[in-house]
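Residue-level structure breakdown
Below are the chains, spelled out letter by letter.
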Amino acid sequence: MKIKMSVLALATAAVFALSSLSSAFAEPIKLKFSHVVAENTPKGQMATKFKDLVAERLKGKVVVEIYPNGQLFGDNKVLEALLLGDVHLASPSLSKFKKYTKKLQIFDLPFLFNDMAAAERFQQSEAGQSLLKTVEKKGLIGLGYMHNGMKQLSAAKALHTPADAKGLKFRIMSSDVLAAQFEALAATPLKKPYSEVFTLLQTKAIDGQENTWSNIHSKKFYEVQDNITSSDHGLLDYMVVTSAEFWKGLPDDVRTELKKALDESIAFGNKVAAEKSKSDKQAIIDSKRTNVIELSKEERQKWIDTMQPVWKKFEAIVGKDMLDAAIASNKE
Ligand code: LMR
């Protein structure tokens, strides 16, 4: 009996030792984060912050690898790559989800939000949070919104009024709202990947584009565009996404810790975004490489009057109630 007991104790100890040995040598979970912008942008800095927090708090359990500048996937492929498990985290702009949900098109409506505070209020509202869930039926999980900022219009030609844009070719993200917005200007929209914008502008294959100060600065679009109109005509924000399969397959404690680190990183990235929309604009002005055009109140109103009719075309798709909720977020 005694011998039997000690054999049992030995076997138990051996199993215990082996399992702790194997967990000590278990490979950490590799989390690949793919994005298309430069590392010094709000999104780039958010990703770095996330990697650092995870290294600090989940040492040996999770390793984050960041692939910036579209190194691994462009935004037209990254959501597919998430579903295939080739990457695990991405943060495309809200304009790039058309294949997965049409509801996010609301964020592309021109002159919808008066400022970033209004966009933030809407995103954090019940209505805004419900939009994160619209990608779930396609196997994705929206983990949160992140800001970049308001878009500006750049072109070879000076754009003071909508009539100045007539007949010009503009690169847009893959969004039908953005296509309609440029059609309202009697301009030609061209859906092209972010990675091609600089060359298209440099070679004059296109006349202009719309983007945030941070993207115009970090990708040097201002060096190949003679004019930038400070129009603040639309929003460029992101949804941080993962795949349901990856996220739900994580151990509970790891998932909780990752979400916490991500929320903190997004808050950090949002601060960077707010700072950069001012400092990158100033850096562009100081460079003297381009002419930054400030609109008078009357000129701005003309852009609003020309672009805003686009809302009507998309009201049925985004939903009247959702549109009303977004409009209401302009009031504090
Ligand atoms: C663009 O394609 O212009 C943007 O979505 C790039 C980005 O991620 O900010």
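Residues numbered from 1 in each chain as written. Predicted model: local features only at pLDDT ≥ 70, side-chain atom pairs only at ≥ 80, totals over all residues. Heavy atoms only, no water.

1. A word on the pairing of strand β1 (residues 29-34)
Pairing between β1 and strand β2 (residues 62-67): 6 bridges, direction parallel. Across the sheet, residue S34 finds its bridge partner in β2, namely Y67. Handedness of the crossover is the feature at issue here: the chain leaves β1, passes through helix α2 (residues 42-57), returns alongside β2, and the resulting connection is right-handed. Bridge analysis of β1 against strand β3 (residues 89-90) gives 2 bridges, and the strand direction is parallel. Paired with F33 across the bridge in β3 is L89. (Pairing = 2+ DSSP bridges. Helix = DSSP H or I, 4+ residues; strand = E, 2+ residues; numbered from the N terminus. Right-handed = clockwise from strand over helix to strand, strands pointing away.)

2. Description of unusual backbone geometry
Here the phi dihedral of K204 falls at roughly 65 degrees; this positive angle occurs in a residue that is not glycine. Phi is positive for D232, close to 45 degrees, though the residue is something other than glycine. For D232, the position within the fold is in strand β8 (residues 227-243). Exposure remark for D232: the relative accessible area of 33% places this residue in the partly exposed category. (Buried < 20%, exposed > 50% of the residue type's maximum accessible area, 1.4 Å probe, protein only.)

3. With respect to the packing of helix α12 (residues 310-318) against helix α13 (residues 320-328)
For the pair α12 and α13, the least separation of the axes is 7 Å and the interaxial angle reads 115 degrees. Contact residues: W311, E315 and V318 in α12; K320, M322, L323 and I327 in α13. Of the residues in the contact of α12 with α13, the class split is 5 nonpolar, no polar and 2 charged. (Axes fitted to C-alpha atoms, helices over the stretch in contact; angles between N-to-C directions. Contact = heavy atoms within 4.5 Å. Nonpolar A, V, L, I, M, F, W, Y, C, P; charged D, E, K, R; others polar.)

4. A closer look at the pattern of salt bridges
With the rule as written, the count across this model stands at 16 salt bridges. With its nearest N and O atoms 3.8 Å apart, the salt bridge here joins R289 to E223. You can see R289 sitting in the loop between α10 (252-287) and β9 (291-294) and its partner E223 sitting in the loop between α8 (213-218) and β8, a full 66 residues away along the chain. Residue class for R289 comes out partly exposed when judged on its relative accessible area of 45%. E223 sits in the partly exposed class, given a relative accessible area of 28%. The partner of E315 in a salt bridge is K312, and the shortest N-O contact between them spans 3.1 Å. Separated by 3 residues within a single helix, E315 and K312 lie in helix α12, roughly one turn from each other. What makes K312 exposed here is its relative accessible area of 61%. Through salt bridges that share partners, K98, D176 and K191 make up one connected network. (Salt bridge = Lys/Arg side-chain N within 4 Å of Asp/Glu carboxyl O.)

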